[in-house]
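Structure at a glance
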Amino acid sequence: MSNEAVAELKELLGPRGWLEGEDAATYVADIRGAYRGVALLVARPASTEEVAAVVRLCNRRGIVIVPQGGNTGLCGGAVPRGDRPCIILSLARMNRVISVDPLRYSVTAEAGCIVQSIHDAAADVDRAFALDWGARGSATIGGAISTNAGGMNVLRFGNTRDQVLGVEVVLPDGRVWNGLRALRKDSSGYDLKHLFIGAEGTLGIVTRAVMRLHPRPPRDQTMYASVGDVSRLMELFALARSIGDANLTAFELIPGHMVDRAIAKYPSLTRPMETRAEWFVLVRFSGRDEITEKLETFFGEAVERGLLTDAALAQNMAQEQNLWNLRDEIPPLKLMTGKMLKWDASVPIDRIVPFLAECEQRARAIHAPSKVIAFGHVGDGNLHMSIWPEGKPGDPVFDKLCKDIVSAIDDLIWSYGGSICAEHGVGVENFERVRGQKTPLEFGMMASIRALFDPKGIMNPGKMFDPAYGEARDAAE
Ligand SMILES: Cc1cc2nc3c(=O)[nH]c(=O)nc-3n(C[C@H](O)[C@H](O)[C@H](O)COP(=O)(O)OP(=O)(O)OC[C@H]3O[C@@H](n4cnc5c(N)ncnc54)[C@H](O)[C@@H]3O)c2cc1C
């Protein structure tokens, strides 16, 4: 039956519309190679109508569909899981910016459109697009919507949920919901688009979206500064807020030893200043000319209070770019080897510092040589955190201690009122673990919504939350 379905799909999609075998290799595994699955074929539809036809066929034949954008999610959400016959539905060919409307401050794009392309299209009409993070050159707008992505500008503009004005979605039975409205206000009942934001492809396939644009600030200027006393990080952040006000558009925390590693690895990066420190912050103000003055005032007051010790202020585009390239190259995945345990977590912002200290203590109490690396978006309480224990995966003692560390840190995050998945999504990586984060009532509501949209369970099974899968089943009861 699968052979027949594959033949039907190939005919429906035409020769450019599908891949299989070797050509599909990069689609069936995630970019780290941490998750790998099996697919009958990779469907590459070129229009909403083709997506709908593929979904109808899969629904009729009970074939599982895994939507995939840029495959940068890093938690196994976009690769197949399990042994049911399955296709990957890649949005790669649906990558156009359809229209940019500077007066409405909106852009309409196909779901496979790369995030960077939306930045470029917005800049062409003197507007700005808010979503920005290291994978901007390969992540798609459909993936951003489906994971409710965040990034560097959340502090000023909010996350993806705050940028979406409307969506078009192919539902699991193949019907197309055209919710491409660009309205700022609409009180006419349930705002259904929000169901698809952060749904990780479980309720349907986002095919197009209308996204919010913003006025383009005339100038961005970033300061790279060494932190005097990390225990007073929140005081520093509050100072940046009060001086920068609406000009403050980013406030990132980065560890000094990762700066050293990134500079050693990438010759294109320049060390912003010779001062070494345990922690640095990147503070960006955006606006008119007075931002330089404001940044200097911020620095002066911060030094006086012992919050900062030294700083380099970007003086031109090349220096500005260098600072953000440095930030992009900090993720330890690119700079370290060995087994990484990772969290894209959030805690209330005033608890970041005690949380970091306790995190290190807990990891080391279980396994003394653990290295704890944290960096991220201080203004949102969102930290990319990783722990690197020493040992060999596959060794039962090592595997057990990794498990113990993960559950100790998850518990710690929850004890701080935080989330173990603040970005990237749940995927497979956090599928079992996320159970500890919500009540049975919440899981029950999620299960009802999933069953209502997708009674046959063909949309991305075993991801996010799936009552039909493993242990998570109990949580829904
Ligand atoms: C270097 C690096 C830095 C990153 N930094 C950040 C960061 O700061 N903040 C952040 O939030 N994320 C970050 N990410 C994670 C990632 O880029 C985002 O989660 C992004 O939104 C994923 O987009 P994608 O197109 O790659 O989606 P994919 O990885 O392809 O898919 C992600 C999920 O969405 C589903 N999906 C994809 N497209 C659709 C669609 N059209 N319809 C329905 N479901 C769909 C998939 O099935 C999967 O469940 C980073 C990743 C990397 C590699």
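Scope of this entry: the structure provided in the associated data block. Just so we're clear, the structure is a prediction, and the values are computed from it rather than from any experiment.

This part takes up the pairing of strand 5 (residues 97-101). Each regular strand shows side chains that alternate between the opposite faces of the sheet. The pairing of strand 5 with strand 6 (residues 106-110) spans 4 bridges and is antiparallel. Each bridged residue has a counterpart across the sheet, and for Ser 99 the counterpart in strand 6 is Thr 108. Connecting strand 5 to the antiparallel partner strand 6 that follows it, the hairpin turn spans 4 residues, and Tyr 105 within it adopts a positive phi of roughly 55°.

On to the pairing of strand 13 (residues 248-255), then. With respect to burial, strand 13 is a largely interior element, 8 of its 8 residues being buried. When strand 13 meets strand 14 (residues 279-287), the two strands line up antiparallel, connected through 7 bridges. Directly across from Ala 250, in strand 14, lies its bridge partner Arg 284. Alignment of strand 13 against strand 17 (residues 371-377), held across 2 bridges, turns out to be antiparallel. Looking across to strand 17, one finds that Glu 252 is bridged to His 377.

Turning to the packing of aromatic side chains, a few remarks are in order. Each aromatic ring pair is described using two quantities: the centre-to-centre distance and the angle formed by the ring planes. Summed over all chains, the structure comprises 8 aromatic pairs. Between Phe 196 and Phe 453 the ring centres are 5.6 Å apart and the planes differ by 90°, which places this aromatic pair in the edge-to-face class. Highlighted residues: Phe 196 in helix 8 (residues 193-196) and Phe 453 in helix 15 (residues 440-453), separated in sequence by 257 residues. Phe 453 sits in the partly exposed class, given a relative accessible area of 22%. Pairwise contacts between aromatic rings join Trp 177, Phe 196 and Phe 453 into one cluster. We note Lys 10 situated over the ring of Trp 18; from NZ or CZ to the ring centre the distance is 4.4 Å.

Rules used in this analysis
- Residues numbered from 1 in each chain as written.
- Predicted model: local features only at pLDDT ≥ 70, side-chain atom pairs only at ≥ 80, totals over all residues.
- Heavy atoms only, no water.
- Pairing = 2+ DSSP bridges.
- Helix = DSSP H or I, 4+ residues; strand = E, 2+ residues; numbered from the N terminus.
- Buried < 20%, exposed > 50% of the residue type's maximum accessible area, 1.4 Å probe, protein only.
- Phe/Tyr/Trp six-rings, centres within 6.5 Å; stacked < 30°, edge-to-face > 60°.
- Lys NZ or Arg CZ within 6 Å of the ring centre and 35° of its normal.

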